[in-house]
Amino acid sequence: MSVQTLVDQFRSFLPREAILFEAEDLRPYECDGLSAYRQLPGAVVLPQTEEQIVKILQLCHATRTPLVARGAGTGLSGGALPHAQGVLMSLAKLNKIIAIDPLARTARVQPGVRNLAISEAAALYGLYYAPDPSSQIACSIGGNVAENSGGVHCLKYGLTVHNILKLRVLTIEGECLEIGGDSLDSAGYDLLALMTGSEGMLGIVIEITVKLLPKPEKAQLVMTAFDDVLKAGNAVANVIAAGIIPAGMEMMDKITIHAVEEFLHAGYDLNAAAILLCESDGSAEEVADEIERIQAIMQQSGATGIRTSRDEAERLKLWAGRKAAFPAAGRVSPDYYCMDGTIPRKRLAEVLHGIDQLSQQYGLRCMNVFHAGDGNLHPLILYDANRPGELEKAEEFGGKILEMCIHAGGTITGEHGVGMEKINQMCIQFKTDELQIFHAVKAAFDPLGLLNPGKAVPTLHRCAELGAMHVHHGELKFADLPRF
Amino acid sequence: MQVIIEQYQALIRAAADNKTPLQIRGGGTKHFYGNAPAEQPAAFLDTTAYHGIVDYEPTELVMTARAGTRLADVEVLLTEHGQMLAFEPPHFGMAATLGGCIAAGLSGPRRAVAGAVRDFVLGLRLLDGTGKDLRFGGQVMKNVAGYDVSRLMAGALGTLGVILEVSLKVLPKPPAETTLQFSMNEAVAIERMNQWAGKPLPVSATCYVDGELFVRLSGAESTVRTAQIKLGGEVLPESEAFWQSIREQSYGFFQPGQPLWRLSVRSTAAPLVLPGKQLFEWNGGLRWLSGDDGLDAETIRQLAKDVGGHATLFRNHGSPLPVFHPLDSALMTIHRSLKQQFDPSGIFNRGRLYPDL
Ligand SMILES: Cc1cc2nc3c(=O)[nH]c(=O)nc-3n(C[C@H](O)[C@H](O)[C@H](O)COP(=O)(O)OP(=O)(O)OC[C@H]3O[C@@H](n4cnc5c(N)ncnc54)[C@H](O)[C@@H]3O)c2cc1C
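Residues numbered from 1 in each chain as written. Chains lettered and ligands numbered in written order. Predicted model: local features only at pLDDT ≥ 70, side-chain atom pairs only at ≥ 80, totals over all residues. Heavy atoms only, no water.

1. Observations regarding the overall build of chain B
What chain B contains, in helices and strands, is eleven helices and 17 strands. A principal-axis box enclosing the C-alpha atoms of chain B has dimensions of 65 × 50 × 35 Å. Burial analysis of chain B (357 residues in total) assigns 62% to the buried set. At a minimum sequence separation of 6, the contacts of chain B that also span at least 24 residues come to 67%. Accessible area of chain B: about 13,100 Å², with a carbon and sulfur share of 52%. (Helix = DSSP H or I, 4+ residues; strand = E, 2+ residues; numbered from the N terminus. Buried < 20%, exposed > 50% of the residue type's maximum accessible area, 1.4 Å probe, protein only. Contact = heavy atoms within 4.5 Å. Areas by Shrake-Rupley, 256 points an atom, 1.4 Å probe, with all protein chains shown as cover.)

Written out as structure tokens, the structure is:
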């Protein structure tokens, strides 16, 4: 169906300003946080009510039009990248916190609500929503559910999947599914887990009930410098071996430390090969206890410098450096490309060494920030898109890092999702049979494949073509499929 | 071990070819849980042959083990390293296996604060209904590549496939634990449990039964001590044994031979007026109901639904009533479709969860 006909039909139930189709109006929607991938959609719709969304879905279903959902567009894997012949549906206008139940410790919210807005509203009751992606001032809770987003506190407090109770989801046919409940579990299969992290491929999330936690009484941070990345990695293992689950445990490598210090003057040690930020939270006594033990462990692990925050201002200042890693990358390089592999922590030194070698090979610098507690690496590859061929080089470099993560027993994405970006590496991480199961799951919800087509799970055809180029462990991937 | 997998695959393929039911069996300790099979299974797949720890590195907080490993053995090993399965799964017998624990999806007293079985599943290896050997998730804490098929298996009662191996997140055992006891009525207990859950207190389990509220505090010595002073109450001497008896349902309330209902509801729901006796866990989010007669399934289910939850006839003692809360038709369609995709011949544990799954 032509865009014009679709737009005409949208006009029968959407106000004029809720339908965009002129190129200049579509431009702001051409990409998400991964700006290397751009595509204008056929049209953008900005519904305000559930009723409107149902009609949009029904129309797309009836006309076989691809539909891509978009929250705040901060995704880093091209998940909300529009489809050229499709409709992009922004959920940004559904931004109400419907209800907070302080005694039950839950909030019922619309998908367009910003992550941080939930904690701000819950603060009145001494509660907060735990998952705190660095993008939390901007990203939407609907997007968080679609990506199963994490944050610096997720080793202790879990990811999105651990912190939601119930979803209302509309299928592409416009049918409403109530998934989960106000109770801690529900009857039947765990569709709540299946929906979380499904990247807008299975349904449109239109309401979320999240769990709220009591705000810890106190938080304190230990910043430790090491002259060797390996020592820093061992320090992380030693903290955990001592039975401590820190509220946050983040590592930065030398080039990150320098970039950040130049930018913010957080007081980081410029001679360090790695800096570890380790946070304790809880009751005042608990924090005092734990901080003392953490300091001792850092000392024994070969720290070259230890600094403990004395007050909230200092704690925030020390964190600010870590949180500014992305903008700092933006200052030292015109462009950067953020990777998101996860590895078993014990393989850290080896993987960092590998990244270093790749960095030399490609002639591109790479900053490493690392959710050290849970093994989630964020190498930031620095490049200049204005130099011909450099983006392609950065992408190839990134792809190699992801393959290294798979070989180290890890995964290509810890929290940013596969989207459009990592679709090829999915062919390496999963076998044909496993990808087929993913396609089957998709078909159970969206048999026509209209929701976010082409994302998250590669077609077997695509993998076969790639397999012809990648020979792995001496064996050909997808040998069972015809080559095209 | 590969030989055993091949034997399982042969069993599955034979069952799929003949479209005959295949019952997956671990230690048999949770055999009582779920609907009785509509027809006698033509064959059994015994998971206990496939056992053993595959990988356990305490500092990675991850353990990978084969499904036939005894749950008790897993917990002994973890205890040796000062760690635990934080969801405190019930064993219901020495023979309980890890695979059965995941498939049943049951969690114990710590669930309300620590999370459920599914929250700790990081990845698994599975044989589907055509005998394909598949791996989903992994051995790392954060992984969003592909749909979360691993967690989908938790609580699926084996209807989607045979779990071969599972990787779980494990946690350190808290150094100190104390249980406090308070006398109060139901309504007050519900309010108290929920108020305390909203405060930064180290409450790791709650139970209310016979007019007494039991609150377990876990954490650092100092934290537990301070919280104890704040909350008051009497210290329960046999703390560990008490929680063990709740977890394993050996406590007096769980009288053998009586139908036992499990109501999972909004934790703040006012006392549900029903005949029989009740015991609460999870800050009031889990309400066990025990009684011989006068319990009407329809009434129970409606009441549970009205307060945001669902009701399960947990121990039915041969009653023909369906065990699990009926799903609405849109959800049931998705369930059928998933079953069809994972187990196209409908061989695995047919009818155990719902009649046509
Ligand atoms: C500076 C920066 C820092 C970041 N830090 C982190 C971090 O620490 N941790 C982390 O996990 N991520 C991080 N991210 C990534 C990103 O913020 C998250 O993935 C976030 O959850 C995306 O939310 P969004 O609302 O922007 O979603 P979008 O980018 O708009 O969409 C993401 C995906 O969700 C789908 N979607 C959106 N809304 C819905 C809905 N209602 N129903 C169904 N599908 C929907 C889209 O189709 C798309 O596939 C960061 C990004 C930036 C730019």
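2. Quick notes on the domain arrangement of chain B
All names here are of chain B. Taken domain by domain, chain B comprises domain 1 (2-172 + 333-342) and domain 2 (175-316). A C-alpha centroid distance of 27 Å is found between domain 1 and domain 2. Taken together, the 18 residues of domain 1 in the interface contact 17 residues of domain 2. When domain 1 packs against domain 2, the two sides together hide about 1,400 Å² of surface, and 53% of this comes from carbon and sulfur. Three residues, F32, F92 and P109, lead the burial of domain 1 against domain 2; their summed loss comes to 40% of the area buried on that side. For the pair domain 1 and domain 2, the interface holds three salt bridges. Two residues, E75 and R247, come together in a salt bridge whose shortest N-O distance is 2.9 Å. (Domains from an automatic or database assignment. Buried area = accessible area lost by both parts, 1.4 Å probe. Salt bridge = Lys/Arg side-chain N within 4 Å of Asp/Glu carboxyl O.)

3. What to know about helix 7 (residues 186-197) of chain B
Residues and elements named next belong to chain B. In a regular helix each residue adds 1.5 Å, so twelve residues correspond to 16 Å; helix 7 covers 17 Å between its end C-alpha atoms and thus fits that length. A189, I190, M193, N194 and W196 are the residues of helix 7 that are buried. Along the long axis of helix 7, the arc covered by the buried residues comes to 165 degrees, so they all point the same way. The inward-facing, buried residues of helix 7 contact strand 10 (176-183), strand 11 (203-209), strand 12 (212-219), helix 8 (221-231), strand 15 (277-281) and strand 16 (286-290). Backbone nitrogen of A187 and a side-chain oxygen of the N-cap are separated by 3.1 Å at the start of helix 7; the cap is N185. (Expected span 1.5 Å × (residues − 1). Arc of directions from axis to C-beta. Polar contact = N/O pair within 3.5 Å; in protein donor to acceptor, adjacent residues only side chain to side chain.)

4. Topic: the site of the ligand
All names here are of chain A. Surrounding the ligand, one finds 33 residues, the nearest of these being A69, G71, T74, S135 and S140. Backbone polar atom of A72 to an oxygen atom of the ligand: 2.8 Å apart, as the coordinates give it. Here an oxygen atom of the ligand sits 2.8 Å away from a polar atom, N or O, in the main chain of G73. Here the ligand loses 93% of its free accessible area of 980 Å² to cover by the protein chains. Within the residue set of the shell around the ligand, elements represented by two or more residues are strand 3 (67-70), helix 5 (141-147) and strand 10 (204-211). In terms of residue count, the dominant contributor to the shell around the ligand is helix 5 (five residues). By residue class, the composition of the shell around the ligand is twelve nonpolar, 17 polar and four charged. (Near = heavy atom within 4 Å. Nonpolar A, V, L, I, M, F, W, Y, C, P; charged D, E, K, R; others polar.)

5. Points about the confidence of the model for chain B
Scored by pLDDT, chain B comes out at a mean of 96, with 100% of its residues at no less than 70. For this predicted complex, the interface score ipTM comes out at 0.97, alongside a pTM of 0.96. (pLDDT = per-residue confidence, 0-100.)

6. Section: the state of the cysteines
Residue and element names in this part refer to chain A. This structure, assessed with the given rule, holds one disulfide over all chains. The disulfide partner of C427 is C463, and the S-S distance across this bridge is 2.0 Å. Because the sign of the S-S torsion sets the handedness, a value of about -75 degrees for the bond joining C427 and C463 places this disulfide among the left-handed ones. Separated by 36 residues along the polypeptide, C427 in helix 15 (residues 423-429) and C463 in helix 17 (residues 460-467) bring together distant segments of the chain. One exposure class covers both C427 and C463, and it is buried. Considering cysteine sulfurs only, C338 is the nearest to C31, which forms no disulfide, with 15 Å between them. (Disulfide = S-S within 2.5 Å.)

7. Here's the deal with the interface of chain B and chain A
Every contact between the two is made by 72 residues of chain B and, on the other side, 84 residues of chain A. Both faces considered, chain B and chain A share a buried interface measuring about 6,300 Å² in area, 61% of it formed by carbon and sulfur atoms. Sorting the residues of chain B by area buried against chain A places K142, V144 and Y147 of chain B first, and these three jointly supply 16% of that buried surface. Along the contact surface separating chain B from chain A lie six salt bridges. A salt bridge links E415 of chain A to K142 of chain B; the nearest nitrogen and oxygen atoms lie 2.8 Å apart. For the side of chain B that touches chain A, the element with the most residues is helix 11 (residues 329-342) of chain B, which contributes nine residues.

8. A few points about the packing of aromatic side chains
Residue and element names in this part refer to chain B. All told, the structure shown has 23 aromatic pairs over all chains when counted by the stated rule. With 5.0 Å between their ring centres and 50 degrees between their planes, Y33 and F314 make a pair best called tilted. Of this pair, Y33 sits in the loop between strand 1 (22-25) and strand 2 (43-46) while F314 sits in strand 17 (residues 310-315), and the two are 281 residues apart along the sequence. Neither Y33 nor F314 differs from the other in exposure class; each is buried. Above the ring of Y50, the side-chain terminus of R66 is found at 5.3 Å from the ring centroid. The residue whose ring lies beneath R315 is F92, and the NZ or CZ to ring-centre distance is 5.0 Å. (Phe/Tyr/Trp six-rings, centres within 6.5 Å; stacked < 30°, edge-to-face > 60°. Lys NZ or Arg CZ within 6 Å of the ring centre and 35° of its normal.)

9. What to know about unusual backbone geometry
At R64 of chain A, a position not held by glycine, the phi torsion is positive, near 55 degrees. Tracing the backbone through its elements, the reader meets R64 of chain A in the loop between helix 3 (50-63) and strand 3.

10. Here we look at the sheet that holds strand 1 (residues 19-20) of chain A
Overall, mixed pairing links the four strands, which are arranged 1-2-4-3 (chain A) in an open sheet. Strands with a single pairing partner mark the edges of an open sheet, and in this sheet they are strand 1 and strand 3 of chain A. (Pairing = 2+ DSSP bridges.)

11. Quick word on the sheet that holds strand 7 (residues 133-137) of chain B
Residues and elements named next belong to chain B. Spatial ordering of the open sheet is given by 3-4-8-6-7, a layout of five strands whose pairing is antiparallel. Both edges of this open sheet fall to strand 3 (53-57) and strand 7, since each of them pairs with a single strand only. Put simply, the sheet's adjacent strands are angled 10 degrees from each other on average, direction ignored. Note: strand 4 (residues 62-66) against strand 8 (residues 162-169), five bridges, orientation antiparallel. The partner of V62 across the bridge, within strand 8, is K169. (Axes fitted to C-alpha atoms, helices over the stretch in contact; angles between N-to-C directions.)

12. What about the confidence of the model for chain A?
Confidence in the prediction of chain A, expressed as mean pLDDT, is 94, and 96% of residues score 70 or more. Here residues 470-484 of chain A is modelled with pLDDT under 50, and outside its nearest four sequence neighbours on either side it reaches 33 contacts, counting other chains as well.

13. Quick notes on the environment of G33 of chain A
Looking at the element boundaries, G33 of chain A is found in the loop between helix 2 (23-26) and strand 2 (43-45). Excluding residues that lie within four positions of it along the chain, G33 of chain A makes contacts with G73, T74, G75 and L76 of chain A.

14. Description of the environment of A23 of chain A
Following the sequence through the fold, A23 of chain A ends up in helix 2. Distance from A23 of chain A to G321 of chain A, taken between C-alpha atoms, is 39 Å for residues 298 residues apart in sequence.

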